Amino acid sequence: MRFCCSAALIRYSKHRFRDVMGSAGTEVGSCLRTLSTSRDSAEIVHALRAVTRYLEDGEIMRPHYTHAVQVLLSAHWFSRWCEDEEIKKLWVEMFLKGPPDQTLLLLLDTISSTGESAGLEQCASVLEKFLSAGGLQVLLWSRCEVGGACSDSPQLRETVISHLAALPSITCNHLHANTPDAFLPQQYYPLLAASILDTLEKTCHALRGITHVQAGQDCSLGFVAQVLGKVCIQGYSSQIFETLAPRLSSLTRVDPLWQRVTQRLLEKVPERCTECVITGLIRSLSGAAAVSRLMGNLVVTNKKAQFVLTHKLLLQQYQHPTQLLKSVLGYLALDSERRTLLKQVLRSVCQVWCNSSAVKHTSVEQQLYVSKVLLLCVALLHHSEIQELRHEMLQCMLGGVQCRLDSNIERIRRMGMVMGECLSQKLDTPGSQLKFQYEPDEEIRELKSLMESPSVEDDEQHHPDTSTSLPPESKAEGSAGQSAESVAGRGSDSELDSDDDLTPYDMSADQEKKKSAPPRYVRDCLEALMSSDDAERVELSLQVAEALLRKNVKATQEVSVQFSKVLLHLEDRYNTLHFHTLRQNAMVALTVTDVKPVVEYWTTEFYSLNYNLRQRLDILEVLALSAQELSEPITNKHTGAQPISAVTHREQCDDITHWRQIVEKRIQSKTRRISKGGTQSVKAVPNRYAPVAGCFFFPLLRSYDRPQVTFDLLGSDHLVLGRLLHTLGLLMHLAVNAPVVSQMGRALLDFVWAVRFHTDQMVRRGVMFAVCSVFLSMPAENLLTELGDDLMETRAWLADVAENDCDADCRSLAVQSLMLLDKNLKTQLKIPDMET
């Protein structure tokens, strides 16, 4: 009987509810008709108040709200009632008390479709009040409550999410300079992040109610997760997590429920947005422990997150800071289930790091990034895990170090040395560890620091107080100073009979007496270098060799080839100070004093047998420096050999940067800038290099494709090939306006065409440097004639290098080559430059 009464009561309640809804809907419809047709302000105020009362009951007003707002946003309303304060107040209240999702959509759609008018300003003002009054918090929480807005279609849900995520773009595109500050990304997205935090806090309160009250409230974070993913995938993850991440890190440190809620939020993020959300979150957190609290075992349960964290962030991308690598790998190491993934990462990184093809075809920055990942993985492994992975790590170390030591790029070689030392410390006994000699720099120190036991705690937990304590160095210096003073004090008592009070002799002008005198003639100098076993005599001969050779031109020309042979084979047997600089300056002096015989000797010996790579590189450096000196303009006062303007040290000779700078200046002079006026062509002036440019250039191309017993230019000796290309490019550049320049350009283009796809970065840099030199030096009409049918293929090749080459220098030189080629073609074809 009691059950039957209850059922009847329920049926009565349902009928009563339909009656109330029906009568309320009728009244709301009447009020809306009044608002749309009446011109009496009293009637309008009465209708607005009636509609506002029904806003408190969402079930009654929701079906009519869109129509009501459309009436209030119509054009005649703005023009007729915008000055009435009471109507304006009720008008704004309609938006602030209505369903937040409909309010947001209607306001944004009105702003998007309304031109510049008072109505547009009024809509922007109401939207700003909606945001400041907490409309975002209300909207997000209404979607989190189970049953809230559950009848919405997927299309409406996606529309609301899109408008939430893109509100700054929508408003700024239509308001332009009149956009309020609240709509700008730097203010809106932190507000959205605070609204998400407020929603998560309400979710925690609702979940705690389950444990205290039987009628606890369930929540769904799917909508919030979709909004978060949409914002991050549009590129605003940093603005969101700047506010979100520190607060979540702090709350999850003390509250397990917050950890559960945050992890659930990340699990609900759509798959296409997972990478953006995870990357933005990790970049904003302070350490691996915070990542572990917020993400839990997401990397184990979510395959997309696993791919991003164990492969994409570590092996496919290399723009992230080292702190992100520490957070990701530390996160994998903090849980026993995730440590399996850490070992999997180490195996993958080992395969990449020891791959010789990857070393040749990836940039130095990416190789450095992978090296950091490898060192961090090794540092996080336990001793038992290292023994388990010993074979993979050993193969990685041996293969990776070897292929890096074979590279021509100095940074890559140093990287291989440091990695070999660090890995051998973990794998080998102290007596068999690798040890290399190199000059330490900031990059090397950073790599070595990664091998220290990394901390997985949050950075904000560690704030050592250094205000009241001196650093260890200061303490050590202080104690050392005190001990030195005490020793000095004790010593002063025991040395009363010393002779410190005697006046010392002035020996500042004294010079060490030399046993041998420097040679005064060229032949004496040559004889001393050939046969003397006296270290002092050899040093004196080297010091005066350049001056003697330049001063005594006739005597130098008589023995120039023999002197060149002696200098080329001369070794630093006595560890002479500045030996390489003195020897090189003497070789350059010989070359510029007796050009043709000496240059013929250098170019012949370059391809001869039984020379080491260092001697062949010395020949190229001497030819380049001699050509630079000979290319200086001939003055009226002096037409002989000009001395080298500055001493070229060995370290500078090993670097091609100073050659590149010369070509860069020429490129700048040939690049037309409207603000700087027209271009200035290179003025032709007499010099000593132009008549002999072919003697320098063509013999170097004579035997490049003939491998010798001790020399294979197109094979293993790619270091010499790269330097040869740079030397040829410089010789070509210095021959500008020379009669033979067109023949040189054609020959150089044929040569570089054969090696343009070389795997070594140094060789490809040399190829691009040579191409730039050709386009700079050859006349435009000759360049077009020589390229001929290869013009389109050359442009396509340069465009491919500029877009796809892994080396930044190659890409930059390819872009410059394209610019120079286009300018030459425009000049030849009489195509005017477009004014901008």
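Quick summary incoming for the structure in this document. (Residues numbered from 1 in each chain as written. Predicted model: local features only at pLDDT ≥ 70, side-chain atom pairs only at ≥ 80, totals over all residues. Heavy atoms only, no water.)

For the rest of this paragraph, the subject is the pattern of salt bridges. With the rule as written, the count across this model stands at 30 salt bridges. Between D198 and K202 there is a salt bridge whose closest N-O contact spans 3.5 Å. Of this pair, D198 and K202 both sit in helix 11 (residues 185-212), four residues apart, which is roughly one turn of the helix. Residue classification places D198 among the partly exposed residues on the basis of a relative accessible area of 23%. Two residues, D807 and R765, come together in a salt bridge whose shortest N-O distance is 2.9 Å. You can see D807 sitting in the loop between helix 42 (791-804) and helix 43 (808-829) and its partner R765 sitting in helix 40 (residues 761-777), a full 42 residues away along the chain. Residue classification places R765 among the buried residues on the basis of a relative accessible area of 15%. One salt-bridge network, held together by shared partners, links R583, R614, D618, E621 and R723. (Salt bridge = Lys/Arg side-chain N within 4 Å of Asp/Glu carboxyl O. Helix = DSSP H or I, 4+ residues; strand = E, 2+ residues; numbered from the N terminus. Buried < 20%, exposed > 50% of the residue type's maximum accessible area, 1.4 Å probe, protein only.)

The relation between two aromatic rings is expressed through the spacing of the ring centres and the mutual angle of the planes. Across all of its chains, the model carries seven aromatic pairs by this definition. With a centroid separation of 5.2 Å and 70 degrees between ring planes, the pair formed by Y188 and Y189 is classed as edge-to-face. Exposure class is identical for Y188 and Y189. Each is buried. Where Y189 meets Y236, the ring centres are 4.3 Å apart and the plane angle is 20 degrees; that geometry is what we call stacked. (Phe/Tyr/Trp six-rings, centres within 6.5 Å; stacked < 30°, edge-to-face > 60°.)

What follows concerns helix 8 (residues 135-144). Of all ten residues that make up helix 8, eight are buried, and the element is covered over most of its length. Residues of helix 8 that are buried: G135, L136, Q137, L139, L140, W141, R143 and C144.

A word on the nonpolar core. The biggest cluster of nonpolar side chains holds 143 residues, and the ones touching the most others in it are L164, L192, M295, L329 and L374. Per element, the largest residue contribution to this core is eleven residues, and it comes from helix 22 (residues 364-380). In this view, L374 contacts L346, V349, C350, W353, C396, M419 and L423; residues no more than four positions away in its chain are not counted. Grouped together as the second largest cluster of nonpolar side chains are 93 residues, L542, V598, L728 and L749 included. (Core = buried A, V, L, I, M, F, W, Y, C linked by side-chain atoms within 4.5 Å. Contact = heavy atoms within 4.5 Å.)

We now examine helix 25 (residues 410-427). Here helix 25 spans 26 Å end to end across 18 residues, near enough to the 26 Å set by a 1.5 Å rise per residue. Across the 18 residues that make up helix 25, a large majority, 13, are buried. (Expected span 1.5 Å × (residues − 1).)

On to the environment of S516, then. If you trace the backbone, S516 turns up in the loop between helix 27 (472-494) and helix 28 (522-531). When the C-alpha positions of S516 and R537 are compared, they lie 6.1 Å apart, and in sequence the two are 21 residues distant. Not counting residues within four places of it along the chain, the set of residues in contact with S516 comprises D534, E536, R537 and L540.

Counted under the stated rule, the structure contains four cavities of 30 Å³ or more. Here the largest cavity defines a volume of roughly 50 Å³. Taken together, L529, V538, L570, E571, D572, R573, Y574, T576 and F579 form the lining of the largest cavity. Class assignment of the residues belonging to the lining of the largest cavity gives a composition of five nonpolar, one polar and three charged. (1 Å grid on protein atoms, 1.4 Å probe; cavity = no way out; pocket = protein on both sides within 12 Å on 5 of 7 lines; lining within 4 Å. Points joined across faces, edges and corners; volume = space filled by probe spheres on them. Nonpolar A, V, L, I, M, F, W, Y, C, P; charged D, E, K, R; others polar.)

For the rest of this paragraph, the subject is unusual backbone geometry. If you check the backbone angles, H176 has positive phi at about 55 degrees while not being a glycine. Within the secondary structure, H176 is located in the loop between helix 10 (167-175) and helix 11. Even without being a glycine, N737 presents a positive backbone phi close to 70 degrees. Within the element layout of this structure, N737 appears in the loop between helix 38 (718-734) and helix 39 (741-755).

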